[in-house]
Every structure is written in structure tokens, then in C-alpha cells.
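Here's the letter readout for the chains.
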Number of protein chains: 2
Amino acid sequence: MDQATATPAVSIRPSRADDCAEIVRMIRELAEFENLPEQVEISDQGLCKDGFSQDPFYKCVVAEVPPQCRSKDGHTIVGYSLYFFTYSTWKGRNIYMEDLYVMPEFRGKGIGKKLLSTIAEIGLGKGCTQLKFAALDWNRSAIDFYLGKGAVDLTATEGWHMFRFEADAMRRLAGGQWDN
Amino acid sequence: MDQATATPAVSIRPSRADDCAEIVRMIRELAEFENLPEQVEISDQGLCKDGFSQDPFYKCVVAEVPPQCRSKDGHTIVGYSLYFFTYSTWKGRNIYMEDLYVMPEFRGKGIGKKLLSTIAEIGLGKGCTQLKFAALDWNRSAIDFYLGKGAVDLTATEGWHMFRFEADAMRRLAGGQWDN
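What comes next is a walk through the structure. (Residues numbered from 1 in each chain as written. Chains lettered and ligands numbered in written order. Predicted model: local features only at pLDDT ≥ 70, side-chain atom pairs only at ≥ 80, totals over all residues. Heavy atoms only, no water.)

**A closer look at the overall build of chain A**
Heads up, the rule is: The numbering of helices and of strands both runs from the N terminus, where a helix is a DSSP run of H or I of at least 4 residues and a strand a run of E of at least 2. Exposure is judged per residue with a 1.4 Å probe applied to protein chains only, and the accessible area is read against the type maximum: over 50% gives exposed, under 20% gives buried, and values in between give partly exposed. For the purpose of charge, His is not counted, nor are the chain termini; Lys and Arg are scored as positive and Asp and Glu as negative. Taken as the charge location is NZ of Lys, CZ of Arg, CG of Asp or CD of Glu.
Within chain A, the regular secondary structure consists of 7 helices and 7 strands. Summarising its shape, the C-alpha atoms of chain A cover approximately 70 × 35 × 30 Å along the three principal directions. A buried classification covers 53% of the 180 residues belonging to chain A. Of note, chain A has its 21 positive side-chain charges centred 5 Å away from the centre of its 25 negative side-chain charges.

What follows is the structure, encoded as C-alpha cells:
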């Protein structure tokens, strides 16, 4: 196997609306890996509407291989990273990487590194001084990958915890139905 | 002391560019409370540019009291909440509350609740199904406040950790200077 075959000529490019079905497929694969597949409620249509109408809620890059390198079940979109811009009141502009995923049969070929590198480049180009993301504490291979590239675990070092109000709680908050 | 004096006629309104100096003052007060004041690098000018030019990186609401209720040192802007819209590949549109702050002398009057309620309303109005935020693990009064309103601690329940690449690490990533 020559080098060209071992490392397919992957291209990283901005996602298009017609990639949404492939991205949702990989979102589901990632959630299954994270043991939280029941949490996925997104649809192709929802993802397309939220990313490709005015004032999009996210941006995304995909990793694409040539047809001759496609996956066993025929996919040429073999990875993605979904991101958006956020803000730190301490440091200013941030880029937030919501997901970084490469299909298992395409791992070990540097595709995840290329996606991460692209996110860092996009962030720097927008004047961001931080790239943030979240990872599950048991996902040691991912955490070791990120720590090895210079990431800091803010939960471990500073004690930051992530919180969420779901829709029902939001409605109670918005309605001012305070318990005390 | 009558009820009107005990609960000042606070108004919650979107921030304006000329509020930025007051917001930066409160950002510093909050960082001091969080024992991380050295991390604040934001300037009035930076905050103004990032929030009030095309494609703003954040939005903000402030809590304002009438002049007769101003703080001991003369402030009428006595609280703020800075937020932006993010995205969950599982649930769709999110609103993220970066900061929620009320000056100590104005606490216990429901102003924090009004700010939080406003963020929930804004999020629901935009079709968001989640309101997310982060808190420091030792800040029990804040955490108890949020848990009492229905928030879920995702770090405790699911094991999510927050990570950050700072600017130097981003430049190494972007330059493709991979160690392996």
C-alpha cells in the first residue's frame, strides 16, 4: 500500500446544505459512540434550516475523500466539525467546536488533526483568542489527543461545571413562575 | 421602608454601546468574586467593537435602576447578563448565558431572577430548546440558585468537562506543527 492510498487525498471544505443528511448520519454515529444516542433529536431539515438561512446558528466543515476512497458503505463525507463563534467577557472572541468526528474506518490518517487545524485557522482569522470545546470524562483517547495538542481541562484545573436548562425549565423561567 | 423602596423599579433592557464601560466595570467585579481577576483582558473599546459592529459576537441585557435608587458610588447600571446563540447537534438551537451578575448591594431584590427570566424569554423567542451556562464548583450559592430553578449539572450527571486551547496553542494547531 503506497502513501497515497494509506492517506487518502482528503479535502476539508465548508459544508453545503446538501451535506446535511450526511452530517446528521455522523452526528448519530458520534452520539452512539458517546453512549447518549437517545439525546439526538435533530433532523436533516432542522440542521439545514438552522445552518443555511439568514443568521445561521452554526457553521461546519466536512472531510471529503475521492470516490475511489469511499467508505465500505459508500460514503465520501467521512468526518465533520461543527462550530460557532462565542464570547468570553474576560478574553474576547472565542470559537467553539461543538463536534469533531471522523468515521472509525478513516481514523489514524490525520483527518481529525486536519479538521482541528482548520477550526483553529478559522478562529484565528476571526480574531479569536480561545478555542473551546467539551469532552466526556471517560473518553480518554479524545482527551489525551487534545491535551497533547495543548488544551487545558478547565473543569479539572479551575472547577468549571457545565449546566443546562431544558425547554420546560426555560418556559418556567420565562413565565416568572418562581418558587421563591 | 415601603415595597417600592425595598424593590427598586429596575428595568431590564438591551445594552447600548455607551453601556460598555459600566459592563466592563461589572465584568471585573464578577471576576474578582470568582477569584480570577487576572484573567480579565477585555477593554471597553474591545467590548464595544465586538458587540456593536456588524455580526456581533454577543448580546447583552442590563439591569438599570432610577437615579434615586443608584448605588452608593453612583451607578444606575447595577447588573447585566451577556449571552449569545449556540447550537447543539443533538437538540438544535441553544442560548448560552456567559455571565449573570448583580452588584452585591442590589442582591436579594429579584434582579438576578429578572435577568435570567429575560434570557430564557429571548431564547424561547428564537426557538432555542436549551439555555446553557457554566459555574465554578465552589460557588454553591449560584449553583443552588440555578439547580432550584431546574438546571442540570452536566458535569456531575454526564461527565462533561470544559476545555480550552489558548491563542498560542491555536497558532500551533493552525500551523500544522503536529507533534505526532
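**Brief notes about the interface of chain A and chain B**
Defined as follows: Contacts are assigned to residue pairs that have any heavy atoms within 4.5 Å of one another. Buried area adds together the accessible area that both of two parts lose upon being put together, with accessible area traced by a 1.4 Å probe. The term salt bridge refers to a pairing of a side-chain nitrogen on Lys or Arg with a carboxyl oxygen on Asp or Glu at a separation within 4 Å. Polar contacts here mean pairs of N or O atoms no more than 3.5 Å apart (in protein, one a potential hydrogen donor and the other a potential acceptor; neighbouring residues in sequence count only if both atoms are side-chain atoms). For this classification, the nonpolar set comprises Ala, Val, Leu, Ile, Met, Phe, Trp, Tyr, Cys and Pro, the charged set comprises Asp, Glu, Lys and Arg, and every other residue, Gly included, is treated as polar. A pair of strands counts as paired when DSSP detects no fewer than two bridges linking them.
Listed per partner, the contact involves 78 residues of chain A and 78 residues of chain B. The largest per-residue losses of area from chain A upon contact with chain B belong to A:Y87, A:W90 and A:F163, which jointly make up 13% of the total buried on that side. In this assembly, chain A and chain B are joined by 4 salt bridges. Of the charged contacts, one joins A:K91 and B:E41 as a salt bridge, the two residues approaching to 3.1 Å between their closest N and O atoms. At the junction of chain A with chain B, the criterion picks out 36 residue pairs in polar contact (both at pLDDT 80 or more). By residue class, the composition of the side of chain A that touches chain B is 40 nonpolar, 17 polar and 21 charged. In the sheet, strand β7 (residues 160-166) of chain A pairs with strand β6 (residues 152-153) of chain B via 2 bridges, with the strands oriented antiparallel. From the neighbouring strand, A:F163 faces β6(B), where its bridge partner is B:D153.

**Some details on unusual backbone geometry**
Non-glycine residue B:N35 carries a positive phi angle of around 60 degrees. Note on B:N35: relative accessible area 55%, which makes it exposed.

**Brief notes about the relation of the copies chain A and chain B**
So the rule is basically this: To line up the copies, we fit them by least squares on C-alpha atoms, keeping just the residues with pLDDT of at least 70 in both.
Superposing chain A onto chain B requires a rotation of 180 degrees together with a translation of 0.0 Å along the rotation axis, leaving an RMSD of 0.0 Å. The relationship between the two copies is best expressed as a two-fold rotation axis. Most of the interface of chain A is mirrored in chain B, where 100% of its interface residues are also at the interface.

**What about the nonpolar core?**
Convention followed: Throughout, nonpolar core names a set of buried Ala, Val, Leu, Ile, Met, Phe, Trp, Tyr and Cys residues whose side chains join them through atoms within 4.5 Å.
Membership of the largest hydrophobic core comes to 119 residues, with the highest contact counts inside it found for A:L131 and B:L131. If near-sequence neighbours (up to four positions away) are discounted, B:L131 is found in contact with A:F163, A:R164, A:F165, A:M170, A:L173, B:I95, B:M97, B:L116, B:I119 and B:A120.

**Regarding the side chain of B:R164**
Residue placement: B:R164 occurs in strand β7 (residues 160-166). A residue is classified by how much of its surface remains accessible, and B:R164, at 7% relative accessible area, is buried. Looking at B:R164, its side chain comes within polar contact range of the side chain of B:E166, at 2.9 Å. Here B:R164 is in contact with A:Q130, A:L131, A:K132, A:G150, A:A151, A:V152, A:L154, A:E158 and B:Q39, once residues within four sequence places are set aside.

**Describing the environment of A:G79**
Along the polypeptide, A:G79 turns up in strand β3 (residues 77-88). The residues contacting A:G79, other than those within four sequence positions of it, are A:M26, A:V61, A:V62, A:A63, A:Y101, A:V102 and A:L115.

**Some details on the sheet that holds strand β3 (residues 77-88) of chain B**
Put simply, the rule reads: Here an angle of 0 to 180 degrees is reported between the N-to-C directions of two axes, which are lines fitted to C-alpha atoms, with helices fitted over the stretch in contact.
Spatially, 7 strands are ordered β1(B)-β2(B)-β3(B)-β4(B)-β5(B)-β7(A)-β6(B) in an open sheet, and the strand pairing comes out mixed. Looking at which strands have only one partner, the edges of the open sheet turn out to be β1 (11-14) and β6 of chain B. Running over the sheet, helix α2 (residues 20-33) of chain B touches β2 (59-64), β3 and β4 (92-102) of chain B and is turned about 85 degrees from β3(B).

**A word on helix α5 (residues 140-148) of chain B**
Stated formally: The arc refers to the directions leading from the helix axis to the C-beta atoms.
Within the sequence span of α5(B), burial applies to B:A142, B:I143 and B:Y146. Axial view of α5(B): buried residues confined to an arc of 95 degrees, hence all on one face. Buried residues in α5(B) make contact with β7 of chain A together with β4, α4 (111-125) and β5 (130-136) of chain B. Just beyond α5(B), the residue with positive phi is B:G150, at close to 105 degrees.

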